[in-house]
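In case you want the letters, here they are:
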Amino acid sequence: MPQKRHKPEKIVAKLRQVDVLVSQGRSVAEAVRSIGVTQFTYYRWRKELGGLKTD
């Protein structure tokens, strides 16, 4: 199964989407599942790209 590559802009948007869902009361696990990635991937993205902003 080929790996899916996400562009940095899309990753930052998905990280923001998780932040919004968590602030609405969802758990991190539910929010991460809703964007279609694993928790491991989410935390790796957050560590690598968490400080970036979209233009």
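The structure we're discussing is the one just above.
Nothing here was measured: the structure is a model prediction, and the numbers come from that model.

Cut-off values and rules
Residues numbered from 1 in each chain as written. Predicted model: local features only at pLDDT ≥ 70, side-chain atom pairs only at ≥ 80, totals over all residues. Heavy atoms only, no water. Phe/Tyr/Trp six-rings, centres within 6.5 Å; stacked < 30°, edge-to-face > 60°. Buried < 20%, exposed > 50% of the residue type's maximum accessible area, 1.4 Å probe, protein only. Core = buried A, V, L, I, M, F, W, Y, C linked by side-chain atoms within 4.5 Å. Helix = DSSP H or I, 4+ residues; strand = E, 2+ residues; numbered from the N terminus.

Colleague: I keep staring at the packing of aromatic side chains and nothing clicks. Help me out?
Modeller: How two aromatic rings sit relative to each other is set out by the distance from centre to centre and by the angle between their planes. Going through the model one piece at a time under the given rule, you end up with one aromatic pair. Ring geometry for Tyr42 against Tyr43: centres 5.0 Å apart, planes inclined by 65°, an arrangement best described as edge-to-face. Look at Tyr42 and you get buried, because its relative accessible area is 3%.

Colleague: Hey, could you run me through the nonpolar core in this one?
Modeller: The nonpolar side chains of a soluble globular protein tend to be buried, and buried together. Judged by nonpolar contacts, Ile11, Leu15, Val18, Leu21, Ala31, Val32, Ile35, Val37, Tyr42, Trp45 and Leu49 together constitute the single largest core of eleven residues. Taken together, the elements giving at least two residues each to this core come down to helix H1 (8-23), helix H2 (28-35) and helix H3 (39-49). Of the residues forming this core, the biggest block, four residues, is contributed by H1.

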